[in-house]
There are 2 protein chains.
Amino acid sequence: MESLQNAVLFTGIQADDCQKLISCLSPYIRHFSKNEIILFSGASIKHIGVILSGTATAYLEHPNGIQTIMSQLKPLSVFGEILVSTRTHKSPVTLYATSDITAAFIEYERLFSICTTACAAHTMLIQNMLKVIGDKYFRLFDRINILREKTLREKILAYLHILSDRGVVSTVTIPFTKTMLADYLLSNRSALSKELRKMEVDGLITVNGRKIKIIASP
Amino acid sequence: MESLQNAVLFTGIQADDCQKLISCLSPYIRHFSKNEIILFSGASIKHIGVILSGTATAYLEHPNGIQTIMSQLKPLSVFGEILVSTRTHKSPVTLYATSDITAAFIEYERLFSICTTACAAHTMLIQNMLKVIGDKYFRLFDRINILREKTLREKILAYLHILSDRGVVSTVTIPFTKTMLADYLLSNRSALSKELRKMEVDGLITVNGRKIKIIASP
DNA sequence: ACATTATTGTTGCCTAGGCAACATTTCAAT
DNA sequence: ATTGAAATGTTGCCTAGGCAACAATAATGT
């Protein structure tokens, strides 16, 4: 439970205020085992979740059964926070546990109920939530920025550029498998494999498993 | 200024509370003439904007100069609200006035400063803002849902399906030109034109200018 | 009413990359 | 260590749709 304090939701709040705030939010803990579904696409939820330990992956489901990767969650990642403000609270994604997971859940209502003990902290909490939502929005925006590139090569470069924190670092580590990367880029795995090789031949990058070094940035 | 009260930001707030709240937020009004740029991509802003009259279009700019349409704003649309919570407050899009525009601007700080007169209304305001942000998030999500379809025909159908409020209505009116639609679908205009005709021939839809009737939904 | 500009339809050409099929390597579980 | 299952590399084929170029139509401003 102490680790919950480290979540972005609680940054900028004094330790003791934070204690009070959290007890005021009265989160409850749930465990999920690997491969279990934490949240079904289309299901209504009335809590936001915080991953305390383990990892999860969010997929967008297609009527035809195909899944598209949307995001990866790691310890202290928050989920369900966008649904707070929607009418139906229906999740647009399915959340799979990719390892054994411990997660904390906080009821939406608690977030907005003004508690008597730590109101200032409460305000900070809401602002932090805005920040979390903003971050998620921009990650989706990043993807649009990548997908609008016309060729696969350009998509890859755009992806690497964003991953490298907009060109600050030159060696990046892809946070998932190449198969998933192809999925993320909405392209074909073998086409991705081909193109990465071509880019290596053309001296643009060096590929080493999941590590990619970006060579040219003219 | 009365029209500002009708913005989503102020729904669920009593008229008199709303008056107080708005004077507390002390918005200021600005005018833009057609084709003027309201907000530059990359520019920092410290206000959220509400369109009072007129229309605007948000474009994502590419280093190479190509613009991708992101959203259309009409009276009572809000913009800049996602930037409230970010560190740099830098706009990811450029906002063009597509007609003469009147807009109200409210400083971020005012949103969170607890006023003495209408604190409850203030809380409602924040919740409304969460709703606005959530809506924007889902509109972006919709686009991903469309773009991940593999063929152009499937993209068009997915687009029409979402536009028809998930299949409730069978005749939809495209909110922009076909040229812009092709842009939105990240595809080629003449390819879109071709495919729409083919779909008409195949008896899937009927196209009448910007009105499209969806015939089959098996 | 007229002129200018934007939108739309239509055609043909051509290539990026989707797809399937297989071999190889890496990873995970027992 | 061993086995089964993913992940990855690689090849060839083939088509969806990008692109350019033009004509026709519609919208807009003067």
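This one's a predicted model, so the numbers in the text were calculated from it and none came from an experiment. (Residues numbered from 1 in each chain as written. Chains lettered and ligands numbered in written order. Predicted model: local features only at pLDDT ≥ 70, side-chain atom pairs only at ≥ 80, totals over all residues.)

Caption draft 1: Fine view of the pairing of strand E4 (residues 56–61) of chain A. All names here are of chain A. Two elements, E4 and strand E5 (residues 67–73), share 6 bridges in a ladder whose sense is antiparallel. If you follow Ala58 over to E5, its bridge partner there is Ser71. Between the antiparallel neighbours E4 and E5 lie 5 residues, among them Gly65 with a positive phi of about 100°. Of the strand pairs in this sheet, E4 and strand E7 (residues 94–97) are connected by 4 bridges, and their pairing is antiparallel. Bridge pairing links Ala56 to Ala97 in E7. (Pairing = 2+ DSSP bridges. Helix = DSSP H or I, 4+ residues; strand = E, 2+ residues; numbered from the N terminus.)

Caption draft 2: View of the protein's contact with DNA strand C. The environment of DNA strand C is formed by 16 residues, the closest being Asn188 and Ala191 of chain A together with Thr177, Lys178 and Ser190 of chain B. Going through the elements one at a time, helix H4 (152–163) and helix H6 (189–201) of chain A together with helix H5 (178–184) and helix H6 (189–201) of chain B are the ones with two or more residues in the surface near DNA strand C. In terms of residues, the surface near DNA strand C owes the most to one element, H6 of chain B, which gives 4 residues. Across the surface near DNA strand C, the residue classes break down as 3 nonpolar, 8 polar and 5 charged. (Near = placed C-beta within 6 Å. Nonpolar A, V, L, I, M, F, W, Y, C, P; charged D, E, K, R; others polar.)

Caption draft 3: Molecular detail of the relation of the copies chain B and chain A. With an RMSD of 0.0 Å, the fit of chain B onto chain A corresponds to turning through 180° and sliding 0.0 Å along the axis. Seen this way, the second copy is the image of the first under a two-fold rotation axis. Identified as the residue of chain B closest to the rotation axis by C-alpha distance is Tyr137 of chain B, at 3.0 Å. Same-surface contact between copies: 100% of interface residues of chain B are shared with the interface of chain A. (Least-squares fit on C-alpha atoms with pLDDT ≥ 70 in both. Contact = placed C-beta atoms within 7 Å.)

Caption draft 4: Expanded view of the nonpolar core. Ranked by internal contacts, the top residues of the largest apolar core, which has 78 residues, are Ile38, Ala56, Leu95 and Ala103 of chain A together with Ala56 and Leu95 of chain B. Core analysis: the next-biggest nonpolar cluster, separate from the first, contains 28 residues, Leu147 and Ile156 of chain A together with Ala182 and Ile212 of chain B among them. (Core = buried A, V, L, I, M, F, W, Y, C linked by C-beta atoms within 7 Å. Buried ≥ 20, exposed ≤ 12 C-beta atoms within 10 Å, placed from the backbone.)

Caption draft 5: Spatial organisation of the domain arrangement of chain A. All names here are of chain A. Taken domain by domain, chain A comprises domain 1 (2–142) and domain 2 (149–214). For domain 1 and domain 2, the distance between their C-alpha centres works out to 29 Å. Contacts between domain 1 and domain 2 engage 4 residues on the former and 6 residues on the latter. A total of 3 residues in the side of domain 1 that touches domain 2 trace back to one element, the largest contributor, which is E5. Class assignment for the residues of the side of domain 1 that touches domain 2 results in 1 nonpolar, 2 polar and 1 charged. (Domains from an automatic or database assignment.)

Caption draft 6: Region of interest: the environment of Gly12 of chain B. All names here are of chain B. Its location among the elements puts Gly12 in the segment before helix H1 (15–25). For Gly12, a count of 12 C-beta atoms within 10 Å gives the class exposed. Counting along the chain gives 94 residues from Gly12 to Ile106, while the straight-line C-alpha distance between them is 19 Å.

Caption draft 7: Inspection of the interface of chain B and chain A at higher detail. The partner chain A presents 24 residues to the 24 residues of chain B that form the contact. Considering each element in turn, the side of chain B that touches chain A owes the most residues, 14 residues, to helix H3 (residues 119–147) of chain B. Looking at side-chain class alone, the side of chain B that touches chain A contains 14 nonpolar, 6 polar and 4 charged residues.

Caption draft 8: Examining the protein's contact with DNA strand D more closely. Taken together, 15 residues are adjacent to DNA strand D, and Thr177, Lys178 and Ser190 of chain A together with Asn188 and Ala191 of chain B come closest. Within the residue set of the surface near DNA strand D, elements represented by two or more residues are helix H5 (178–184) and H6 of chain A together with helix H4 (152–163) and H6 of chain B. For the surface near DNA strand D, the leading source of residues is H6 of chain A, giving 4 residues. Tallied by class, residues from the surface near DNA strand D come to 2 nonpolar, 8 polar and 5 charged.

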